[in-house]
Amino acid sequence: MTMHPMISALRRHKAGVALIVLQIALTLAIVCNSVFIIGGRIERIARATGLDEDGLFLVTQQWVSESDAEGKDGIERLDTLQREDLAVLRGLPDVASVTPINSLPLLNSAAWNGGIGLTPEQPKANLQASFYFADENVLPTLGVKLVAGRAFTAADVEHKALGDANTPSRIIVSQEIASRLFPDGSALGKNVYLDGSGAPASIVGIVDRLQTPGTNAFSTSFAYSSVLVPTRLNSTFSRYAVRAKPGRLAAAMRAAPDALYQANSQRVIAEDGIQSYADIRHDAYRADIGMAMLMGGVSLILLCVTAAGVFGLTSFWVDQRERQIGIRRALGARRRDILGYFQVENLLIVGSGAVLGIVLAVGLNFALISRYEMDRLPVTDVLLGVVCVLALSQASTFVPARRAARVEPASAIRSM
Amino acid sequence: MVLAIGFGVAASMTTFSVFRAVSGDPIPWKSHRLFVPQVDVWGPSERGKDGEPPAALDYRTATALLNDRRGSMQAAIYKVSPAVLAMRAGSHPVNVDGHAVSSDFFPMLEVPFAFGSGWSRQDDERRANVVVIGDTLNRRLFQGRNSVGETLQVAGKSYRIVGVLAHWDPQPRFFDIVNTGGFTTTREDVFLPFETAVGAGIASTGNTGCSKSPSEGGIAGLKESTCVWISYLVQLDDADAVRAYRAYLDGYARQLQDSGATTWAPNNRLRDIPAWLDAQHVVPADTGVSLLVALGLLIVCLVNTSGLLLAKFLRRSGEIGVRRAIGAPRGAIYAQFLTEAGMIGIAGGLLGLALTGLGVACVHWLLPADIASLARVDLVLLLLTLLLALVSTLLAGLYPTFRATLVQPTWQLKSQ
């Protein structure tokens, strides 16, 4: 089959061809970028927090008629209240372990971010990290894996007012911090300086992986740089991470507020004061799931519309050329030749649309980068999009092309 | 074709409804007279790439600006979440959200009152124990009756209610962008006088940013520190007032420099509300990207419709030829086919209306509540949907109609 007659036939349908080329190009541009956005969101949602998420829940409560800790007595009083709560929760039959904690991965609030330096009173920290203030039960409660050193003991745990600038003397860091601060793997036992402090904190343990509370762009830049601090923070409100015994999550979540109220009724536990970790995760990624589904929906509609458009125009051309097809058949062209003609014609049109589409896709990507701080579109996504669009348009050409192939040679004479 | 138009229009309008919701001006009649000052108390080492000073004010700066009263009205604002208790037998404490503000806050923001009013400047100075409550809290505690004069216990101290707001939920929450990021489902339940709340040790439950950790915990430490935790609004009525205020801020910063409190040249900002919302990226990037992608979808649908209309109209070349031959002028052909395109547009618009309704419902289900609750279907959106469908289909129909009018009657009749 020579291309020449095909191209000169297309020249006589300039408008229709131009419209399909334009449509294919735009579809490709949008679908490539959508798929890229969806991929990014899925990757974000799928990353592991490092926690054993099943069976974990968070209690947030506030004591009323207590004002914030003023002086040593206030702090001691608040700490007593907190230790009472911990004892109550630990006493529940469905609870495996409990730790006080200021925040959790993905909670998106109450993060305590600071810098870690290698020398005392360093003006510019070596790296940014997020601190979790907890007690000796933090590792089993969160289900975080210790890879080196030791866990906190009860003797390590201190308590201080929320906002007190004194830094701890012992910490556990995530593997991410350990390998970034000490690339030679010698982090265990080393001293570091938190928040530009002059007092050293020694690294007693290293945990495998622990995400920070924030999920926004700023926090994502240090998503796995977490530090565990053996300190109970004393304030009028408190948070407890609770691990239920296997299969007893719902029962433990029901029992917790009742037991706390019973122990001390002068407190408020808001409606969302008892949150399962599954809910925290869902809330954190709701916008991402929404965006991914929106992009998915738009891409699906686009592909359907484009398939329908290709189908419609090819059908029209087949109708228009019925007589010519009859003549070709009468002159000896096989059905396969007619089918092939339309398929190759479509490939030619969609192929040029795809070339234009690649340019548009990259252009759109650049526009999104400059306005909305997105990443570069990888070549594989573009190629995948091209293959998709080509396959789709070939498929939607097939039905009218097969109809064309069925045209009887006799119709060349009949319609005269 | 109707389907394509319907989907294209619906996707655009759904994303537009979200975009319109988040890019709105919360106080359009006044937003250009309300300004947010920023003073750099942290210095060059803490600035971002764009040299932006911290987004909130420290206590010293906020009180200095308040005391100097250089605007026609001004208010310092910080977020509080105290527990409140109505002074009645058998009532339980509840947790509420709100802000500690200066007296000017209410007249400056034209906050609507159902009962009573805000407090006076004298109350500010006397640190009076007065409180303004929101309509939801008033319903919850006082069944919606006029509760002015009643006593409310806030964080363990007694306050007299001086005003009850009518429903007030400005979005974006322009007076506290730093804590809400713009959109929030948190209610404004209580407003306390700024200095009263600071004096009572009611801690900020918003974000507190520190370049150096405060020397002691609680609000006492915050007052002495350069931590930023206070939002500030000032009303400046004309260009001269804005110029004078800029000069005043520079003077203040230079005075800090002269006193040795800072070692850098003044680096202040003074933005009106629209510029401030823009600088704080209140419109989420996702929303812009979605709108862009949906508009792309609409364009593809139009190109598609244009192609299909072309095929549809040219199939009827015979009919056109006959009409022309028996005397129809080109204008009549234009009228006929544009009417047809218009009908398709209206049908597509009606389908689009239904799909937009569905789309907005999906948005409520998919997106985080703080943004989704703002997207709604109203008359303007409905009319816009129909109009968009009609106008865009007419545009898409222009070229096919033009081609239809070019049909030569003689040639068509001969070929039949």
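Quick word on the overall build of chain B
From N to C terminus, chain B includes 16 helices and 12 strands. Computed over C-alpha atoms, the radius of gyration of chain B comes to 30 Å, more than 25% over the 22 Å expected from 2.2 N^0.38 for 416 residues, which places it beyond the range of a compact globule. Principal-axis analysis of the C-alpha atoms places the extent of chain B at approximately 100 × 60 × 35 Å. Sorting the 416 residues of chain B into buried and exposed places 49% on the buried side.

Focus: the overall build of chain A
Within chain A, the secondary structure is distributed over 12 helices and 13 strands. For chain A, the C-alpha radius of gyration of 32 Å lies well beyond 22 Å, the compact-globule estimate for 416 residues. Taken along the three principal axes of its C-alpha coordinates, chain A extends 105 × 50 × 35 Å. Taken across its 416 residues, chain A has 44% of its residues classed as buried. Taking all contacts inside chain A whose residues are at least 6 apart in sequence as the whole, residues at least 24 apart take part in 82%.

Some words on the interface of chain A and chain B
A common measure of how large an interface is: the accessible area buried when the components associate. Taken together, the contact pairs 50 residues of chain A with 45 residues of chain B. Tallying contributions element by element places helix α8 (residues 277-320) of chain A first for the side of chain A that touches chain B, with 19 residues. By residue class, the composition of the side of chain A that touches chain B is 29 nonpolar, 12 polar and nine charged.

So, the domain arrangement of chain B
All names here are of chain B. If you check the domain split of chain B, you get domain 1 (2-21 + 284-415) and domain 2 (26-279). Between the C-alpha centres of domain 1 and domain 2 there is a distance of 49 Å. In this complex, domain 1 contributes five residues to the contact, which on the side of domain 2 involves four residues. A class-by-class count of the residues in the side of domain 1 that touches domain 2 yields three nonpolar, one polar and one charged.

A short note on unusual backbone geometry
All names here are of chain B. Here the residue pair Gln171 and Pro172 is connected by a cis peptide bond, since its omega of -10° sits within 30 degrees of zero. Mapped onto the elements, Pro172 comes out in the loop between β9 (157-165) and α6 (177-180). Positive phi outside glycine occurs at Arg127, with the angle close to 55°. The backbone phi angle of Gln143 is positive, close to 55°, even though this residue is not glycine. Mapped onto the elements of the fold, Gln143 is located in the loop between α5 (135-142) and β8 (151-154).

Quick word on the domain arrangement of chain A
What the domain assignment reports for chain A is domain 1 (4-46 + 285-414) and domain 2 (66-265). One C-alpha centre belongs to domain 1 of chain A, the other to domain 2 of chain A; they are set 55 Å apart.

Some words on the nonpolar core
Counting 94 residues, the largest nonpolar core has Leu28 and Val298 of chain A together with Leu297 and Cys301 of chain B as its most contacted members. Apart from the residues lying within four places of it in its own chain, the contact partners of Leu28 of chain A are Ala354, Gly357, Ala361, Gly385, Val386 and Val389 of chain A. In terms of nonpolar packing, the next biggest core, distinct from the first, is built from 82 residues, Ala62, Val132, Tyr245 and Leu270 of chain B among them.

Remarks on helix α12 (residues 317-325) of chain B
Residue and element names in this part refer to chain B. Along α12, the positions that sit buried rather than exposed are Ser317, Ile320, Gly321 and Arg324. Here the buried residues of α12 occupy an arc of 100° about the axis, which is enough to place them on one side. Two residues or fewer past α12, Gly327 is found with a positive phi of approximately 110°.

Remarks on the environment of Asp195 of chain A
The topology assignment puts Asp195 of chain A in the loop between β8 (191-194) and β9 (201-207). When the C-alpha atoms of Asp195 of chain A and Lys124 of chain A are compared, they prove to be 9.4 Å apart, with 71 residues separating the residues in sequence. Filtering out sequence-adjacent residues up to four positions away, Asp195 of chain A remains in contact with Gly114, Gly115 and Thr167 of chain A together with Ser213 of chain B.

Some remarks on the environment of Arg47 of chain B
Residues and elements named next belong to chain B. Within the fold, Arg47 resides in the loop between β1 (34-38) and α2 (59-68). Under the C-beta neighbour-count criterion, Arg47 is labelled partly exposed, with 15 such atoms within 10 Å. Counting along the chain gives 21 residues from Arg47 to Asp68, while the straight-line C-alpha distance between them is 27 Å. Not counting residues up to four positions away in its chain, the partners in contact with Arg47 are Glu52 and Pro53.

Digging into the environment of Val94 of chain B
Mapped onto the fold, Val94 of chain B is located in strand β4 (residues 94-95). Val94 of chain B gets classed as partly exposed once you count the C-beta atoms within 10 Å, which come to 16. Here the alpha-carbon distance between Val94 of chain B and Ala83 of chain B, two residues 11 residues apart in the chain, equals 5.4 Å. If we skip the residues at most four places from it in the chain, Val94 of chain B touches Val268 of chain A together with Ala83 and Val84 of chain B.

Side note on the packing of helix α13 (residues 330-366) of chain B against helix α15 (residues 379-405) of chain B
Residues and elements named next belong to chain B. Put simply, α13 and α15 touch, their axes get as near as 7 Å, and they point 150° apart. Between α13 and α15 the crossing geometry is right-handed. The residue inventory of the contact of α13 with α15, partitioned by class, reads 14 nonpolar, 11 polar and one charged.

Some words on the pairing of strand β11 (residues 231-235) of chain B
Every regular strand shows the same layout, with side chains that alternate between the two sheet faces. Residues and elements named next belong to chain B. A large share of β11 lies buried, amounting to four of its five residues. Of the strand pairs in this sheet, β1 and β11 are connected by two bridges, and their pairing is antiparallel. Of the residues in β11, the one forming a bridge with Leu34 is Gln235. In this sheet, β11 lies alongside strand β2 (residues 73-80) in antiparallel orientation, the contact comprising five bridges. For Ala75, the partnering residue across the bridge sits in β11 and is Leu233.

Rules used in this analysis
Residues numbered from 1 in each chain as written. Chains lettered and ligands numbered in written order. Predicted model: local features only at pLDDT ≥ 70, side-chain atom pairs only at ≥ 80, totals over all residues. Helix = DSSP H or I, 4+ residues; strand = E, 2+ residues; numbered from the N terminus. Rg over C-alpha atoms; globule rule 2.2 N^0.38 Å. Buried ≥ 20, exposed ≤ 12 C-beta atoms within 10 Å, placed from the backbone. Contact = placed C-beta atoms within 7 Å. Nonpolar A, V, L, I, M, F, W, Y, C, P; charged D, E, K, R; others polar. Domains from an automatic or database assignment. Core = buried A, V, L, I, M, F, W, Y, C linked by C-beta atoms within 7 Å. Arc of directions from axis to C-beta. Axes fitted to C-alpha atoms, helices over the stretch in contact; angles between N-to-C directions. Left-handed = near helix turned anticlockwise from the far one by under 90°. Pairing = 2+ DSSP bridges.

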